[in-house]
Amino acid sequence: ALPISSSAVGFGGYFWNQPDCGATIYKANGTKWTCTFDDEFSGTRLDTTKWTAWNNLDYFNYPNTCYYSDPQHVSVSGGYLNLSITKLAAPASCATPTGQITANYGAGIVHTSGKFSQTYGRFEARIKFAGTDNVHDDFWLFPVNNYYPGQAEIDVAEPFGAWPNTMVSATHVTGTSGTDSGGI
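Residue indices follow the written sequence of each chain, beginning from 1 at its first position. The predicted origin of the model limits local features to residues at a pLDDT of at least 70 and limits the giving and counting of side-chain atom pairs to 80 or more, whereas totals for whole chains, interfaces and linings rest on all residues. No hydrogens and no water enter the side-chain calculation; it runs on all heavy atoms of the structure.

Asks: Break down the overall build of the protein chain for me, with residues and values.
Replies: If you tally the helices and strands in the protein chain, you get zero helices and 14 strands. Helical segments are the DSSP runs of H or I of at least four residues, strand segments are the runs of E of at least two, and each set is numbered from the N terminus. Taken from N to C terminus, the helices and strands of the protein chain fall in the order β-β-β-β-β-β-β-β-β-β-β-β-β-β. For the protein chain, buried positions account for 37% of its 184 residues. By definition in these notes, contact holds between two residues if any of their heavy atoms fall within 4.5 Å. Sequence-distant contacts in the protein chain: of pairs separated by 6 or more residues, those separated by 24 or more amount to 57%. Note on areas: Shrake-Rupley, 1.4 Å probe, and residue coverage restricted to the protein chains presented here. Of the accessible surface of the protein chain, which amounts to about 10100 Å², a share of 53% is contributed by carbon and sulfur atoms. Under the scheme applied here, a residue whose accessible area is under 20% of the maximum for its type counts as buried, over 50% as exposed, and between as partly exposed, the area being computed with a 1.4 Å probe on protein chains only.

This is how it looks when you write it as structure tokens:
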């Protein structure tokens, strides 16, 4: 197993944790879980020692959205991380791994890549998703090497706006060729 980092990925929603990692949680063998990462979002800005917000980038090209790190799209207040989506005043050019796209929406996305990872353990977050049509919120765990081949992505929670009462979880695993064998 290789380390994974958390990605609080999404177009909208609130992300927060319980104080001091919450109540003590015990493993099946009776030993305690050890808290290795915590963010109470108690300040007024994203803690960039823990998180990175994408800026002027669209890695997923869904749905015609560019991610920004500005306060309109990524903000912290009252113990919450707020990731917002907005319709841009005018279409904007946005970088992708395969070139430029023209985006009509701006949104927030944050991740811990290069700042926190662990191979095994318990990942926990309290999240309020936007739950609106044409929005794909999500909370994922990505491999440290950013992706495949021979790695797995864990989709912890993905609600799709078109199905407001449905939450999807999946793992995507690739073979050494880099071909995604699909979700489990």
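We are not done yet, so read on.
Asks: An account of the packing of aromatic side chains is needed here, citing residue identities and associated values.
Replies: For Phe, Tyr and Trp, where Trp contributes only its six-membered ring, two rings pair if their centres lie within 6.5 Å, and the inter-plane angle classes them as stacked under 30 degrees, edge-to-face over 60, or tilted in between. Evaluated as defined, the whole model comprises four aromatic pairs. Cluster of aromatic residues (ring-pair linked, three or more members): Phe 37, Phe 41, Trp 51 and Phe 116. The ring of Trp 33 has Lys 27 sitting right over it, with the charged end atom 4.9 Å from the ring centre. Counting as a charge over the ring demands two things of the Lys NZ or Arg CZ atom: a distance within 6 Å of the ring centre and an angle within 35 degrees of the ring normal. A cation over a ring is seen here: Lys 50 above Phe 37, with NZ or CZ 5.9 Å from the ring centre.

Asks: Describe the sheet that holds strand 4 (residues 65-67), naming the residues involved and giving the relevant values.
Replies: Two strands qualify as a pair provided that DSSP identifies no fewer than 2 bridges between them. Within the open sheet, the three strands sit side by side as 4-8-7. Their pairing is mixed. The sheet terminates laterally at strand 4 and strand 7 (85-96), the two strands that pair on one side only. Within this sheet the neighbouring strands show an average axis-to-axis angle of 55 degrees, counted without direction. Pairing between strand 7 and strand 8 (residues 99-107): eight bridges, direction antiparallel. Convention adopted: a line fitted to C-alpha atoms gives each axis, helices being fitted over their contacting stretch, and angles between N-to-C directions are expressed from 0 to 180 degrees.

Asks: Tell me about the state of the cysteines, and please be specific about residues and values.
Replies: Disulfides are covalent bonds that link the sulfur atoms of two cysteine residues. What counts as a disulfide here is a pair of cysteine sulfur atoms lying within 2.5 Å. This model, assessed by the stated rule, comprises one disulfide. A sulfur-sulfur distance of 2.1 Å marks the disulfide that ties Cys 66 to Cys 94. The S-S bond linking Cys 66 to Cys 94 shows a torsion near 75 degrees; that makes this disulfide right-handed. Remark: Cys 94 occurs in strand 7 and Cys 66 occurs in strand 4; sequence separation between them is 28 residues. Here Cys 94 falls in the buried class, since its relative accessible area comes to 0%.

Asks: How would you sum up the pairing of strand 8? Please name residues and give values.
Replies: Where strand 4 and strand 8 come together, three bridges link them in parallel fashion. From the neighbouring strand, Cys 66 faces strand 8, where its bridge partner is Gly 106. Remark: two residues form the turn of the hairpin made by strand 7 and strand 8, two consecutive strands paired antiparallel.

Asks: Residue-level account of unusual backbone geometry, with values.
Replies: Where the residue is not glycine, phi is negative for most of them; where a peptide bond is considered, it is trans in most cases. Here Phe 41, not a glycine, exhibits a phi torsion of approximately 50 degrees, which is positive. Take Phe 41: it is sitting in the loop between strand 2 (13-16) and strand 3 (52-53). One non-glycine residue, Asn 56, lies in the positive phi region at around 55 degrees. If you trace the backbone, Asn 56 turns up in the loop between strand 3 and strand 4.

Asks: Tell me what's going on with the side chain of Asp 155, and back it up with residues and numbers.
Replies: Relative to the assigned elements, Asp 155 resides in strand 12 (residues 152-160). Notably, Asp 155 is buried but unbridged: the nearest opposite-charge side chain belongs to Arg 122, and the N-O separation is 19 Å. Think of a polar contact as two N or O atoms within 3.5 Å of one another; within protein, one of them needs to be a possible hydrogen donor and the other a possible acceptor, and neighboring residues in sequence only count if both atoms come from side chains. A polar contact of 3.5 Å, which involves the side chain of Asp 155, links it to the side chain of Trp 140. Look past the residues within four positions of Asp 155 in its chain and what remains in contact with it is Phe 139, Trp 140, Val 168, Ser 169, Ala 170 and His 172. When charges are tallied, Lys and Arg are placed among the positive residues and Asp and Glu among the negative ones, while His and the ends of the chain are skipped. Any Lys or Arg side-chain nitrogen located within 4 Å of an Asp or Glu carboxyl oxygen qualifies as a salt bridge.

Asks: Mind laying out the pairing of strand 12, listing which residues take part and the relevant values?
Replies: Working note: regular strand, side chains alternate between the two faces of the sheet. Sheet analysis places strand 11 (residues 139-143) next to strand 12, joined by three bridges and oriented antiparallel. Bridge assignment links Trp 140 to a residue of strand 12, and that residue is Asp 155.

Don't take any of this as a statement about function, it's just geometry.
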